[in-house]
Amino acid sequence: MNENKSSSKDQRQGPSWGIVIVIFFLLTFFLNLFMGRMNQTKQLQISYDQFLDLVDESMVDKVQMDDDQIQITLRDEVEAEDVSEVLGEDGIPNGYRNTSRGVFNYSDSIVFYTGRVDDPSLVATLREGGVKIYEEIPEQTSTFSAVASWLMPMVLMYLVYFLIMRTLMKRMSNNDGGGLMGGLTGGLGNIGKSKAKMYTVEKSTGVTFKDVAGQDEAKESLEEMVDYLKNPEKYRMIGAQQPKGALLVGPPGTGKTLLAKAVAGEAGVPFYHLTGSEFVEMYVGVGASRVRDLFQTAKKNTPCIIFIDEIDAIGKKRDNQFGSNDEREQTLNQLLAEMDGFEVNGGIIVLAATNRPEVLDQALLRPGRFDRRIIVEKPDLPGRENILKVHGKKVSLSSDVDFHKVALVTSGASGADLANIVNEAALLAVRLGRRAVTQQDLLESVETVFAGKEKKDRVLNTKEREMVAYHEVGHALVSALQKNSQPVQKITIVPRTMGALGFTMNTPEEERYLLTQEELMAQITTLLGGRAAEIVRFGTTTTGATNDIERATEQARKMVTQYGMSERFGSMGLQSTQSQYLDGRNVSTCSEQTNTEADEAVRQIIEQCQDEAVRLLKENSHALERISARLLEKENINGSEFMELLKEEPSVVESV
Ligand code: ADP
Ligand code: MG
Ligand code: ZN
């Protein structure tokens, strides 16, 4: 991919100059320090008495009286032995004993000093002894070194700061993912007045519509934009106004970013990519100036595409409620102004992506801004198959690979999940020393992606293993014994890294978009089959059913509150769904009391389904025993094996 990363001007000088300067200064600094060491006079403290003794012996040449001490310089001709005689043993500090010249290492540059005692007769004594007296003389320093001693730390600090900034900025411009680092350096960059840009430019994305599978409707809507970027004249001549922007809406990993890149790639225009969350950070005014900066650059490089990922981070509804974010609003206002600012048919198309369209500010969505909404849904069955094929091209496949079957078992997977599955399968094939990816690798990696890796080192005790086996066979049996349920694909009791101790996989024979009440009930019953097996076989319950219960309850609650499938409320809706492209949180729209009654209705559904599951397993306890025993022995049972075991059961043949 030909990525042309943004860089700011002062960055282009290259870091070498800065480093040279720093090294130069450091050298000067240390040299100075070193020379200072050489010239330094050694100072030895002596007591005031000893000082007076030295004066009495006429050994002192001169003294310098400072505020709190007296510096003593001895006469040249004084010998070390004489001094030590006067001072006596304890007068001389430790480090100076027994050196080559006798008692202490004595040279001309040694200065004795003593504390200044309040002694009115001192001056008289000194004059008697013929000592020269100096009053505190300010140290003689050249103007240059005085200035330098002030300036040097500052210069050094600036240089260090400068270098850190440069490194950070470099890292940031290499990092289009943004995140903390991006935010941090963006802020610092602006303090330093260096204009760090928070977007990446790709001269050509290298992605085309061929790389995006299963999003035919989205591609169709975007094709027009490609045509416009390629042949603007055609539109200008007829006076048609092109949409300025389109909003790609859909769950994470469905290929929104990919589609935007593909538009740029198809049209062969530069791609300006930035992420909404990067705007919202610590220094006010930064986000807005970045938007301005981005649009200015883009205008100079038309035709081009500006892509704002995660636009919900800046484009949230403006309100003055508590917690509203000034910085974000300024950024949003700037964005709105910029979108109005560039002329229609100016050769810029602004694409944005979000998975929370409902939080976007209305002003963003009005005509002339992001007035087109392109839905990028999770892929359907053929879509998944095509996505698998697109990613399958990147790896070598063995001839037994059947993407249709893989697509069947991956309902609900996003494009990113599927890409991940193919990659995991390739990794698995490498691990097993194969040359190509087999169907088995693919199916295994489906499990890895959805349930986690096999965790063979987790050792369950015999009792636990037995319970897990019965639980899983419970699911499988209940599923197989009901009319409205999906066939069993695989049962396993190998623990997984994501926490499951075993699982049962059901595969639909075809993609379903509409489910009947009976089918939903069958699903809940299947989910509760594990718990039912625990009850039927062991007469107790385990913690292993937690996830089943959660899912069953969620399903039952939806039946009551959203699908209008309860007797109590009929077709009355009790909940609405928010952020449907993310977690799909449900928000109650009714009174507390109704909620209480709804809980009761949910409980009834759960109870009914569980009773049914228990009944089915009791009637087929022989099958439960036999298949569980087989599972315990083999750890894995696949769908066809399971059906064969089932067919040998007299009770099952009767009931089905
Ligand atoms: P989004 O922006 O919607 O969250 P991305 O575009 O970043 O998702 O998709 C992530 C990755 O998943 C892509 O790089 C691509 O490998 C894969 N992918 C997602 N959707 C598709 C698709 N429709 N066709 C092919 N690959 C896809
Ligand atoms: Mg994305
Ligand atoms: Zn279970």
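The structure this text deals with has already been given above.
Rules of the game
- Residues numbered from 1 in each chain as written.
- Chains lettered and ligands numbered in written order.
- Predicted model: local features only at pLDDT ≥ 70, side-chain atom pairs only at ≥ 80, totals over all residues.
- Heavy atoms only, no water.
- Helix = DSSP H or I, 4+ residues; strand = E, 2+ residues; numbered from the N terminus.
- Areas by Shrake-Rupley, 256 points an atom, 1.4 Å probe, with all protein chains shown as cover.
- Patch = residues over 30% accessible without salt bridge, like charges linked within 9 Å, V, L, I, M, F, W, Y side chains within 5 Å.
- Salt bridge = Lys/Arg side-chain N within 4 Å of Asp/Glu carboxyl O.
- Lys, Arg positive; Asp, Glu negative; His and termini not counted.
- Charge placed at Lys NZ, Arg CZ, Asp CG, Glu CD.
- Expected span 1.5 Å × (residues − 1).
- Buried < 20%, exposed > 50% of the residue type's maximum accessible area, 1.4 Å probe, protein only.
- Arc of directions from axis to C-beta.
- Near = heavy atom within 4 Å.
- Polar contact = N/O pair within 3.5 Å; in protein donor to acceptor, adjacent residues only side chain to side chain.
- Nonpolar A, V, L, I, M, F, W, Y, C, P; charged D, E, K, R; others polar.
- Domains from an automatic or database assignment.
- Phe/Tyr/Trp six-rings, centres within 6.5 Å; stacked < 30°, edge-to-face > 60°.
- Lys NZ or Arg CZ within 6 Å of the ring centre and 35° of its normal.
- Core = buried A, V, L, I, M, F, W, Y, C linked by side-chain atoms within 4.5 Å.
- Contact = heavy atoms within 4.5 Å.

A.B. asks: What is the right way to look at the overall build of the protein chain in this model?
C.D. replies: When its secondary structure is counted, the protein chain shows 25 helices and 17 strands. Accessible surface computed for the protein chain: about 34600 Å², of which carbon and sulfur atoms make up 52%.

A.B. asks: How do you make sense of a negative patch on the surface when you look at a structure like this?
C.D. replies: A grouping of D49, D53, D56, E57, E81, D82, E85 and E128 is seen on the molecular surface, where their side chains present a negatively charged patch. Of all the elements in the fold, those that place two or more residues in the negative patch are α2 (48–56) and α3 (80–87). Tracing the chain through its elements places D49 in helix α2.

A.B. asks: What's the story with helix α23 (residues 621–634) in this structure? I'm lost.
C.D. replies: An α-helix turns once per 3.6 residues; consequently, residues spaced three or four apart project the same way. Spanning 14 residues, α23 covers 20 Å between terminal C-alpha atoms, matching the ideal 20 Å at 1.5 Å per step. Looking only at α23, the buried set comprises A623, L624, I627, S628 and L631. In a view along the axis of α23, the buried residues occupy a sector of 120°, so they form one face of it.

A.B. asks: Could you clarify how one ought to interpret the site of ligand 1 in this entry?
C.D. replies: Near ligand 1 there are 16 residues, and of these A213, G253, K256, T257 and H391 occur at the shortest range. For ligand 1, an oxygen atom lies 3.0 Å from a polar atom in the backbone of L258. With respect to ligand 1, the backbone of A416 contributes an N or O atom lying 3.4 Å from an oxygen atom. Coverage of ligand 1 by the protein amounts to 79% of the 550 Å² it exposes when considered alone. Listed by contribution, the elements that provide at least two residues to the shell around ligand 1 are α9 (256–267), α15 (381–392) and α17 (415–431). Of the residues that constitute the shell around ligand 1, the class distribution is 7 nonpolar, 7 polar and 2 charged. Each of domain 2 (197–375) and domain 3 (381–451) accounts for three or more of the residues forming the shell around ligand 1.

A.B. asks: Hey, could you run me through the packing of aromatic side chains in this one?
C.D. replies: Each aromatic ring pair is characterised by the separation of its centres together with the angle its planes make. Tallying each qualifying case throughout the model produces 6 aromatic pairs. Three or more aromatic residues joined by ring pairs form one cluster here, namely Y158, Y161 and F162. Here the basic side chain of R568 rests over the ring of F569, its NZ or CZ set 5.0 Å away from the ring centre.

A.B. asks: I tried to follow a nonpolar patch on the surface on my own but got confused; where do I start?
C.D. replies: Taken together, the side chains of I19, I23 and L27 define a hydrophobic patch exposed on the protein surface, amounting to about 290 Å² of accessible area. On the secondary structure map, I23 appears in helix α1 (residues 16–39).

A.B. asks: Even after reading the chapter, I still don't get the nonpolar core, so can you show me in this structure?
C.D. replies: Grouped burial of nonpolar side chains is what soluble globular proteins tend to show. If you look at the biggest cluster of nonpolar residues, it comprises 28 residues, and the most contacted ones within it are L477, L617, L624, I627, L631 and F642. In terms of residue count, the dominant contributor to this core is helix α19 (residues 462–481) (9 residues). When sequence neighbours within four positions are dropped, the list of residues in contact with L617 reads G474, L477, V478, G529, A532, A533, V536 and L624. Counting residues in hydrophobic clusters, the runner-up holds 27 residues, among them F209, V212, A218 and A262.

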